[in-house]
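Next come the chains, spelled out residue by residue.
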Amino acid sequence: MILGVIADDHTGATDVASMLVRSGLRTVQIIGVPCASTDAGEVDAVVIALKSRTIPPAEAIEQSLAALRWLQQRGVPRFYFKYCSTFDSTPQGNIGPVADALMQALGTHYSIACPAFPENQRTIFKGHLFVGDVLLSDSGMRNHPLTPMTDANLVRVLQAQSRCKVGLLSHLQVAKGAVSLKQVVEQKIATANNETLGVIDIADAITNDDLMVLGHALADVPLVTAGSGLALGLAAAYIDRGLVKADAHAAQLPAAGGKAVVISGSCSVATNAQVKHWIASSKPAMKIDAREIAGGQPVAQRVLDWHAQQKETCLIYATSPPEEVAALQKEFSANSLGEQIEHCFADIAQGLIAQQVRRFVVAGGETSGAVVNALGVQSLKIGETIDPGVPWTSGQVGKPLLDTAAPVLLALKSGNFGTEDFFAKALAMKVAQ
Ligand code: ADP
C-alpha cells in the first residue's frame, strides 16, 4: 500500500477512491474506523470513510487518529486527509483541528490544503475558492444546513480553525512546473520546521494540469490535505515513478439484481434541481415531512407502505429549497433536525432491503453515511463513474439485516455533484458484470 486516505464523509471517500481507481490504482474503501482484524486485501490504496465532518472536533480528531494508526500499522507511508471540494467546515472545524492532529501524530511540520477540483468547477486562485464562476461565499454553499460557507478566502477560513500558520502556495509558483514547485516545497518544509506547530499552505489550482504539478511536487510529503482532485496528480506521480502499476480492470462490480430506489436528503442547489427534474418527468416521488419527523410521527413506516404499492423506481426525498430549510431551522435546532431526518432515511433503507431493493442512488454526504451504516455495509468496491466524482459502487449487506450477505449497488452522490438528470442517468447505467 502506498497511500492511506482518511475522508471526513462517505461520499467524499467514494469520490477520492474513484479518482484513484480511474488512475489505475487498486483501491478499497472501508466504512468507519477499521478494527484490528479488518483486511484491506491486495491493494495500492485504502480510503477510510469517516463521518466526521460535523461531529465535535475532539471526536473527529480521535477517529482520524485511530484511522491513521490502523494505516500506519499496515506500513502505509503517505497520508491524505480528504474533505469536500467546497471546504465544508465551521469556525470550530473540523478541517483545521484534524489536519493539526494528523501533522502532530506524523511529526511533520508542513502540509497543504487544496480542495480544488477543476473538473467539477472548484478552482482556487490567490487562496480564494470559486464554485463555477462565483466565489464560494456567493454560491449555494452559503445556505448549507450544517456548514454554511460565507467566506471564500481559504487562508482566513483555515486560519480560524488551525493552530498552524496558514499560508499560500500561489498559482505563480504552481505555474512554473513540478521541478520548480518541488524546490519551493523543500524550502517551505525547511522554514516550517522552525515553527512550533507547523505550516499549512492553501494551494492554488485552476486546472487539472495544476493538480498534476502539485501531485508531482508533493508526492513525498507525509501528509496532504485536499479535496479529491489532488488524488489524480498524486496517483500519476506514483505511477510515473514506478511505485505502482496501473490496473485496467479496477472498475468492475458484481451483479446485485433486485429493485432500485433514489433517496435524497441533500438540500444543495444541484440536488434541488435533480429532484425537480425527476418530479417533472412524472416519476413516482414521496417527500418526507421534516415537521412530522420532528413531531415523532411514524414517517418511515408510512413511506415504506407507500413504496410497497409502487411499480416503478421511486424517489424518496427530504430535499427542500433554502427558504424552507431556513424556516425549519428557525423552528428546530439544525443539527438535531438533520440527524432525525438521517435516522428516518436509515429506517427507510433497512425497510427497503426487505422489499427486495438492491440498487440505491443516494443524494447527500451525511445522508449517504446514514444509509450505508443502516445497511451494515463495511467496505465498497469502486466502479464506473456516473458524473465526475460519483461512481457506482458495490458492497455487502450483512447481518443483522439479512442472514446471508447480499450484494448491493450504491451510487452515493455528494450534494452539489451531478447533472440535472443524474438520478435517471445513474439508474440507466449497466454497471455490473
Ligand atoms: P449535502 O451533501 O448536500 O451536504 P447532506 O446529506 O450531507 O447533503 O446534508 C444535508 C443535511 O440536511 C442532512 O443532515 C439532512 O438530514 C438535512 N436535511 C434534509 N432535508 C432537510 C430539511 N427539509 N430541512 C432541514 N434539514 C434537512
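These notes cover the structure that comes with them. This structure is a prediction, so every number in the text was calculated from the model and none was measured.

Moving on, we get to the overall build of the protein chain. If you tally the helices and strands in the protein chain, you get 15 helices and 18 strands. Its C-alpha atoms give the protein chain a radius of gyration of 21 Å, near enough to 22 Å, the size a compact globule of 433 residues would have. When the backbone C-alpha atoms are referred to their principal axes, the protein chain occupies close to 65 × 45 × 35 Å. Within the protein chain, the fraction of its 433 residues that count as buried is 56%. Considering only contacts in the protein chain between residues 6 or more positions apart, those separated by 24 or more positions represent 74%. Carbon and sulfur atoms make up 52% of the accessible area of the protein chain, which totals about 17,000 Å². Separation of charge centres in the protein chain, based on 34 positive and 39 negative side chains, amounts to 2 Å.

Turning to the site of the ligand, a few remarks are in order. The immediate surroundings of the ligand are formed by 21 residues, with H144, S268, E342, E366 and T367 found nearest. Take H144: an N or O atom from its side chain is 2.6 Å from an oxygen atom of the ligand. Taking T367, its side chain carries an N or O atom lying 2.7 Å from an oxygen atom of the ligand. In isolation the ligand exposes 580 Å². Once the protein is present, 97% of that is buried. Applying the majority rule of atoms within 2 Å of the grid points places the ligand in the largest pocket. Contributing elements (two or more residues each) for the shell around the ligand: α12 (322–331), α13 (334–354) and α14 (365–375). Broken down by element, the residue count for the shell around the ligand peaks at 4 residues, all from α13. A breakdown of the residues in the shell around the ligand according to their chemical character gives 8 nonpolar, 11 polar and 2 charged.

Within the largest apolar cluster, 146 residues are counted, with the highest numbers of intra-cluster contacts made by Y80, F87, C114, L214, I288, I348 and F360. When residues in this core are grouped by element, the largest group, 8 residues, is from α13. Lining this core are residues from two domains, each supplying at least three of them: domain 1 (3–240) and domain 2 (259–428). Apart from residues no more than four positions distant in its own chain, I348 is found in contact with I288, A300, V303, L304 and I316.

So, about the layout of surface pockets. One way to see where empty space is left: roll a probe the size of a water molecule over the atoms. By volume, the largest pocket is sized at about 610 Å³. Lining the largest pocket are 42 residues, with H144, P145, G265, S266 and C267 positioned closest to its centre. Each residue belonging to the lining of the largest pocket can be placed in one class, and the counts come to 15 nonpolar, 17 polar and 10 charged. Both domains that meet at the lining of the largest pocket, namely domain 1 (3–240) and domain 2 (259–428), each give it at least three residues.

Successive side chains on a regular strand alternate, one facing one side of the sheet and the next facing the other. Counting buried residues in strand β18 (residues 406–413) gives 7 out of 8 residues, a clear majority hidden from the surface. Bridge count between strand β15 (residues 357–363) and β18: 5 bridges; the pairing is parallel. Opposite V361, over in β18, you have A411 as the bridge partner. Pairing analysis gives 6 bridges linking strand β17 (residues 390–397) to β18, with the strands arranged antiparallel. Its bridge partner being in β18, G395 is matched across the sheet by V408.

So, on to the environment of M141. Looking at where M141 falls in the secondary structure, it is placed in the loop between β8 (134–135) and α4 (154–159). With a relative accessible area of 4%, M141 lands in the buried category. Here M141 is in contact with T86, D88, L136, T147, P148, M149 and N416, once residues within four sequence places are set aside.

The relative placement of two packed helices comes down to the angle between their axes together with the axis-to-axis distance. Taken N-terminus to C-terminus, the directions of helix α11 (residues 299–308) and α13 make an angle of 35 degrees; their axes are 9 Å apart at the nearest point. The chirality of how α11 crosses α13 is right-handed. Of the residues in α13, those touching α11 at V299, A300, V303, L304 and H307 are C344, D347, I348, G351 and L352. For the contact of α11 with α13, the residue count by class is 7 nonpolar, 2 polar and 1 charged.

One pass over the full model with this rule turns up 2 cavities of 30 Å³ or more. When its volume is computed, the largest cavity comes out at roughly 50 Å³. Residue lining of the largest cavity: D9, T11, G12, D15, R53, K82, C84, S85, F117, S228, S414 and F417, and that is the complete set. Quantified by volume, the second largest cavity comes out at close to 40 Å³. Along its surface, the second largest cavity is lined by L3, R78, F79, Y80, L218, A219, V221, P222, V224, L234 and Y238. Among the elements of the structure, β4 (79–82) and α8 (230–240) are those that each provide at least two residues to the lining of the second largest cavity. Along the lines of polarity and charge, the residues of the lining of the second largest cavity split into 10 nonpolar, no polar and 1 charged.

According to the stated counting rule, one finds 5 aromatic pairs in the structure shown. On the numbers, 6.2 Å between centres and 75 degrees between planes, the contact of F422 with F423 is edge-to-face. The two residues F422 and F423 agree in class, both being buried. Among the aromatic residues, ring-to-ring pairing joins F81, Y83 and F87 into one connected group.

What counts, and where the lines are drawn
Note on numbering: residues in each chain are counted from 1, in written sequence order. Restriction of local features to residues with pLDDT of at least 70 applies here, the model being predicted, together with a cutoff of 80 or more for giving and counting side-chain atom pairs; totals for whole chains, interfaces and linings are based on all residues. Each side-chain value is derived from all of the structure's non-hydrogen atoms; neither hydrogens nor water enter the calculation. A helix here means a DSSP run of H or I that spans at least four residues, while a strand means a run of E at least two residues long, and both kinds are numbered starting from the N terminus. C-alpha atoms define the radius of gyration in this analysis, and the globule rule sets the expected value at 2.2 Å times the number of residues to the power 0.38. Think of it in three bands: with a 1.4 Å probe and only protein chains considered, a residue is buried below 20% of the maximum accessible area for its type, exposed above 50%, and partly exposed in between. Contacts were defined at the residue level, with two residues in contact if any of their heavy atoms lie within 4.5 Å. Reported accessibility uses the Shrake-Rupley method at a 1.4 Å probe radius. Residues are deemed covered only where the shown protein chains occlude them. Charge assignment in this entry is limited to Lys and Arg as positive and Asp and Glu as negative, and neither His nor the chain termini are counted. Charge coordinates come from a single atom per side chain, which is NZ of Lys, CZ of Arg, CG of Asp or CD of Glu. For each residue, the test is whether any non-hydrogen atom lies within 4 Å of the molecule or strand; if one does, the residue is near. What qualifies as a polar contact is a pair of N or O atoms within 3.5 Å, subject to a donor-acceptor requirement within protein and to the restriction that residues adjacent in sequence count only when both atoms come from side chains. The distinction between a cavity and a pocket rests on a 1 Å grid over the protein atoms alone: a 1.4 Å probe fits inside a cavity but cannot get out, while a pocket stays open yet meets protein on both sides within 12 Å along at least five of seven lines, and a residue with an atom within 4 Å of a point counts as lining. To decide whether a molecule occupies a pocket or cavity, check its atoms: if more than half lie within 2 Å of the grid points, it is inside. Note that Gly is not counted as nonpolar here; it falls among the polar residues with everything else outside the nonpolar set of Ala, Val, Leu, Ile, Met, Phe, Trp, Tyr, Cys and Pro and the charged set of Asp, Glu, Lys and Arg. Each nonpolar core is a collection of buried residues, namely Ala, Val, Leu, Ile, Met, Phe, Trp, Tyr and Cys, held together in the definition by side-chain atoms within 4.5 Å. An automatic or database domain assignment is the source of the domain bounds shown. Grid points are joined across faces, edges and corners, and a volume is the space filled by probe spheres set on the points. We call two strands paired when DSSP finds no fewer than two bridges between them. Only C-alpha atoms enter the line fits that serve as axes; for helices the fit covers just the stretch in contact. Angles between N-to-C directions range over 0 to 180 degrees. Left-handed describes a crossing whose near helix is turned anticlockwise from the far helix by less than a right angle; the clockwise case is right-handed. A pair of Phe, Tyr and Trp rings is counted when the ring centres sit within 6.5 Å of each other, with Trp represented by its six-membered ring. The angle between the planes then sorts it: under 30 degrees is stacked, over 60 is edge-to-face, the rest tilted.

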